[in-house]
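Each chain is listed here by its residues.
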Amino acid sequence: MAIKRIVLCPYSHSDWAWICTREWHAKRYIRAFEIALDLMDAGTGFTWFIDSWHEQFGPIRDNRPDLVERMKPHVTSGAFGLGPGAFTNPSIDACTKEVLIRNMLLGQRNFRSLFPNARFDLMSHIDCCGWFGQVPQLARKMGFAAM
């Protein structure tokens, strides 16, 4: 199999507060979105992706609707990816296949309510391990092009 393209894309991992307050993390996520969108708006060719409606996108959605509006053309162009469009980041090794599928369907439905042209090409679960053996098959059946 010939490799057609390799894409390196920065990512800002968003955990719930481990040693800092949730407010501190929310401010950090907002700042990361501001920087990413500034680079995209400047036409630098910068690309970026997020992966969850709840943890990562929640602070932006709830506190900075202006950033959501700035995201829209970049999501449509594919420069701002929404990863798998997950609702949250469950521990894959501790959930059933049904939970994995429901998580994607709920997250994608929510993202599409704001970004109707969103593409969900990348199956990702950052900071999770222990996937069950059928995840690649499920990802393909759910329409993901890459993992």
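Scoring rules and cut-offs
- Residues numbered from 1 in each chain as written.
- Predicted model: local features only at pLDDT ≥ 70, side-chain atom pairs only at ≥ 80, totals over all residues.
- Heavy atoms only, no water.
- Helix = DSSP H or I, 4+ residues; strand = E, 2+ residues; numbered from the N terminus.
- Buried < 20%, exposed > 50% of the residue type's maximum accessible area, 1.4 Å probe, protein only.
- Areas by Shrake-Rupley, 256 points an atom, 1.4 Å probe, with all protein chains shown as cover.
- Expected span 1.5 Å × (residues − 1).
- Arc of directions from axis to C-beta.
- Contact = heavy atoms within 4.5 Å.
- Phe/Tyr/Trp six-rings, centres within 6.5 Å; stacked < 30°, edge-to-face > 60°.
- Salt bridge = Lys/Arg side-chain N within 4 Å of Asp/Glu carboxyl O.
- pLDDT = per-residue confidence, 0-100.
- Bend = angle between axes of the 7 residues up to and from the residue.

A. Fine view of the overall build of the protein chain. A tally of regular secondary structure across the protein chain gives five helices and two strands. When the helices and strands of the protein chain are listed from N to C terminus, the series reads α-β-α-α-β-α-α. Counting the 147 residues in the protein chain, one finds 39% classified as buried. Just so you have it, the protein chain exposes about 8,500 Å², and 59% of that area is on carbon and sulfur atoms.

B. Spotlight on helix 4 (residues 97-114). Between its first and last C-alpha atoms helix 4 spans 27 Å; for 18 residues at 1.5 Å apiece the expected length is 26 Å, and the two agree. Among all positions in helix 4, only Leu100, Asn103, Met104, Gly107, Gln108, Asn110 and Phe111 are buried. In a view along the axis of helix 4, the buried residues occupy a sector of 165°, so they form one face of it. Opposite the packed face of helix 4, turned more than 90 degrees from it, sit the exposed residues Arg102, Leu105, Arg109 and Ser113. As for helix 4, its buried residues are in contact with helix 5 (135-141).

C. Looking closely at the packing of aromatic side chains. By the definition in use, this model includes eight aromatic pairs. When the ring of Trp53 is compared with that of Phe57, the centres are 5.3 Å apart and the planes differ by 50°; the resulting orientation is tilted. Assigned by exposure class, Trp53 and Phe57 land together as buried. Where Phe111 meets Phe120, the ring centres are 6.5 Å apart and the plane angle is 45°; that geometry is what we call tilted.

D. Fine view of the pattern of salt bridges. Under the criterion given, the structure shown has 10 salt bridges. Between Arg61 and Asp62 there is a salt bridge, and its shortest N-O distance comes to 3.3 Å. Given the relative accessible area of 26%, Arg61 is considered partly exposed. Where Asp66 meets Arg64, a salt bridge forms, and the shortest distance between an N and an O atom there is 2.7 Å. A residue is classified by how much of its surface remains accessible, and Asp66, at 37% relative accessible area, is partly exposed. Residues joined by salt bridges that share partners form a network here, namely Arg31, Glu34, Arg64 and Asp66.

E. Up close: the confidence of the model for the protein chain. Per-residue confidence for the protein chain gives a mean pLDDT of 84, with 85% of residues at or over 70. Taking the mean pLDDT of every element in the protein chain, the minimum, 77, falls on helix 5 and the maximum, 97, on helix 3 (residues 65-77).

F. Spatial organisation of helix 3. Along helix 3, the largest kink reaches about 35° and is centred on Met71; proline Pro73 follows within four residues of it. Within helix 3, burial applies to Leu67, Val68, Met71, His74 and Val75. In the core, the buried residues of helix 3 are packed alongside helix 1 (22-41), helix 2 (58-63), strand 2 (80-81) and helix 4. Residue Gly78 follows helix 3 closely and has a positive phi angle near 95°.

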